[in-house]
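# Analysis of the macromolecular model
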Protein chains: 2
Amino acid sequence: MTNSKKYHHGDLTKSLLDSASSLIKEHGVESLSMRKLADVVGVSRTAPYHHFKDKNALLCALAEKGFYEQEELLCQLLKQTLPTADLFKQYVHLYLEYAQQHSETYDLMYGRVIWKAGTPTDSLVAASRQTFKTWIDWVEKLQQENILPADNSALRIGQTTWASLHGLARFYLDGIYLDKEDLSGMVDQMIKNLCRSPH
Amino acid sequence: MTNSKKYHHGDLTKSLLDSASSLIKEHGVESLSMRKLADVVGVSRTAPYHHFKDKNALLCALAEKGFYEQEELLCQLLKQTLPTADLFKQYVHLYLEYAQQHSETYDLMYGRVIWKAGTPTDSLVAASRQTFKTWIDWVEKLQQENILPADNSALRIGQTTWASLHGLARFYLDGIYLDKEDLSGMVDQMIKNLCRSPH
DNA sequence: TCGCAATGTTGACACCGTCAAGATAAGTTT
DNA sequence: AAACTTATCTTGACGGTGTCAACATTGCGA
């Protein structure tokens, strides 16, 4: 009964994000409500509104955390000393693994809820831009090493390549046209598609 | 004042679908409520429930209509007498054009709301399967004519190819990492990616 | 120590999906 | 034509949602 019931919570912002994160992981983002979240954290309905402007802002914060996580993961990979081709292969596998293991976060990061139905926070936009830039930079290197096609700008190739991965992730996550056991084979085929050399 | 206010509506099912369709087209699917829909159609809150089990069922019906529309559109294209390679190119353009012009329906057809958060109706599943099968059959032909890569089954190539298109559509529709004026260039690049011949 | 800003609370409002019970109309059987 | 059944539509109600306004408590800097 050390900290059973003080008026001020301590670090509510962090608690909210943590609980929200595990709630959406378990029950999906559409069943997350501000009221339930507040209840789980042990605080009144409207307390969260002193830490996040509204629900959209909280979701944006979750997505932003996701971008940092994902970028950290991928940067970690790039530090390994492997042939670049193998590195790219692993990158693709890792990308889909992340989407799989953090599916709800992935949905927030790249999904409609924030980007179309809602309004992305400035700092979320910044984080996503940062991630995109890192990606494009790497694409440039991959083009130079003749792993990705060089018949267009790094931007274009980066866009189409990422779009392909994203489409795969979405079909898998939404469970349409893709059985779980198919995924591994699909990823391998996708890599072949993406890397197939032009001539 | 011919049909101003009779107790029975006439063809409420159709009216609901039509109004719902135009409502989501204008204001997005997340702002569609059964109550507002009923109000627009000029009927009481719960009348729609005599025609659709619940909101999910109504959305499924909209998605199903979308599948028929899309398939009709594509079948129409396939009847043209063009070199197969050009036909495929047009197919891709048409696919993205459909996604663009019926973005809300496209979201329902392939999105999370029905397939993950909700429960797809049996007849919706049937319609989507049908569409998928038609696609795979055509992929087989494209492989034989050496337009799509033949280094894997029609199923796999069909899955990855579609996933790529789908990813492009989603990035575009959700407005992340893709400016509108980039789309055309991206589609062309994507076609090159998909068609690039293996050797 | 005082006062203010940060953080928490309860109350209220306008929405939402949808169930239950009753009213009305159309269709079917006698 | 009358009676019964079924499809359709209505109002009332319940529990859930996001979030605004007003008020209470606390911690911190002057």
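Residues numbered from 1 in each chain as written. Chains lettered and ligands numbered in written order. Predicted model: local features only at pLDDT ≥ 70, side-chain atom pairs only at ≥ 80, totals over all residues. Heavy atoms only, no water.

### Things to note about the packing of helix H8 (residues 154-174) of chain A against helix H9 (residues 183-195) of chain A
Any two packed helices are characterised by the angle at which their axes cross and by the distance between the axes. Residues and elements named next belong to chain A. Put simply, the rule is: To obtain each axis, a line is fitted to C-alpha atoms, and for helices this fit is confined to the stretch in contact; angles are then taken between N-to-C directions over 0 to 180 degrees. Note on conventions: DSSP H or I runs of at least 4 residues are helices, E runs of at least 2 residues are strands, and numbering of each starts at the N terminus. Angles are sorted into four bins: roughly parallel if under 35 degrees, roughly antiparallel if over 145, roughly perpendicular if 65 to 115, and oblique for all others. We call a crossing left-handed when the near helix sits turned anticlockwise from the far one by less than a right angle, and right-handed when that turn is clockwise. Should any heavy atoms of two residues lie within 4.5 Å, those residues are counted as being in contact. When residue character is reported, Ala, Val, Leu, Ile, Met, Phe, Trp, Tyr, Cys and Pro are called nonpolar, Asp, Glu, Lys and Arg charged, and the others, Gly included, polar.
Put simply, H8 and H9 touch, their axes get as near as 11 Å, and they point 165 degrees apart. The angle between the axes of H8 and H9 places the two elements in the roughly antiparallel class. Relative to H9, H8 is oriented so that their crossing is right-handed. For the pair H8 and H9, contact is made by Thr161, Ser164, Leu165, Leu168 and Tyr172 and by Leu183, Met186, Val187, Met190 and Leu194, respectively. For the contact of H8 with H9, the class distribution of residues is eight nonpolar, two polar and no charged.

### Some thoughts on the pattern of salt bridges
We apply this condition: In what follows, salt bridge is the name for a side-chain nitrogen of Lys or Arg lying within 4 Å of a carboxyl oxygen of Asp or Glu. Accessible area is worked out with a 1.4 Å probe on protein chains only. A residue is then buried under 20% of its type maximum, exposed over 50%, and partly exposed in between.
This structure, assessed with the given rule, holds 24 salt bridges over all chains. For the salt bridge of Arg112(A) with Glu104(B), the shortest nitrogen-to-oxygen distance reads 2.7 Å. Here Arg112(A), found in helix H6 (residues 112-117), pairs with Glu104(B), found in helix H5 (residues 103-110), and the two come from separate chains. Across this residue pair, the class does not change: Arg112(A) and Glu104(B) are buried.

### Observations concerning the packing of aromatic side chains
To be explicit about the condition: Side-chain rings of Phe, Tyr and Trp, where Trp is taken by its six-membered ring, are said to pair if the distance between their centres is within 6.5 Å; with planes under 30 degrees apart they count as stacked, over 60 as edge-to-face, and otherwise as tilted.
Inspection of the entire model under this criterion finds 23 aromatic pairs over all chains. Geometrically, the ring pair formed by Phe171(A) and Trp162(B) is edge-to-face, given 6.2 Å between the ring centres and 85 degrees between the ring planes. One end of the pair, Phe171(A), is in helix H8; the other, Trp162(B), is in helix H8 (residues 154-174), on a second chain. In this structure, Phe171(A) and Trp162(B) share a single accessibility class: buried. Through pairs of rings, three or more aromatic residues link up here, namely Phe67(A), Phe88(A), Tyr91(A), Tyr95(A), Tyr106(A), Tyr110(A), Phe132(A), Trp135(A), Trp138(A), Trp162(A) and Phe171(B).

### As for the UniProt feature "DNA-binding region" (unreviewed entry) in chain A
Stated precisely, the cut-off is as follows: UniProt positions are given in the numbering used here, feature names are shortened, and annotations may be inferred rather than shown by experiment.
UniProt tags residues 33-52 of chain A as "DNA-binding region" (unreviewed entry). Between the C-alpha atoms that bound residues 33-52 of chain A the distance is 14 Å, and the span itself is 40% helix and 0% strand.

### What to know about the domain arrangement of chain A
All names here are of chain A. Note the following rule: Source of the domain bounds: an automatic or database domain assignment. Reported buried area values correspond to the accessible surface (1.4 Å probe) lost by two parts on association, with both partners' losses combined. Polar contacts here mean pairs of N or O atoms no more than 3.5 Å apart (in protein, one a potential hydrogen donor and the other a potential acceptor; neighbouring residues in sequence count only if both atoms are side-chain atoms).
The domains assigned to chain A are domain 1 (11-51) and domain 2 (62-195). With eight residues of domain 1 at the contact, the number on the domain 2 side is seven residues. Counting each side, the surface lost to burial between domain 1 and domain 2 is near 640 Å², with a carbon and sulfur contribution of 67%. Area buried by domain 1 at its contact with domain 2 is led by Leu17, Ile24 and Val29, which between them contribute 60% of it. For the pair domain 1 and domain 2, the interface holds one salt bridge. Taking the shortest distance from any N to any O, the salt bridge between aspartate 18 and lysine 65 comes out at 3.9 Å. Between domain 1 and domain 2 we count two residue pairs in polar contact (both at pLDDT 80 or more) in total. Residue composition of the side of domain 1 that touches domain 2, by class: four nonpolar, two polar and two charged.

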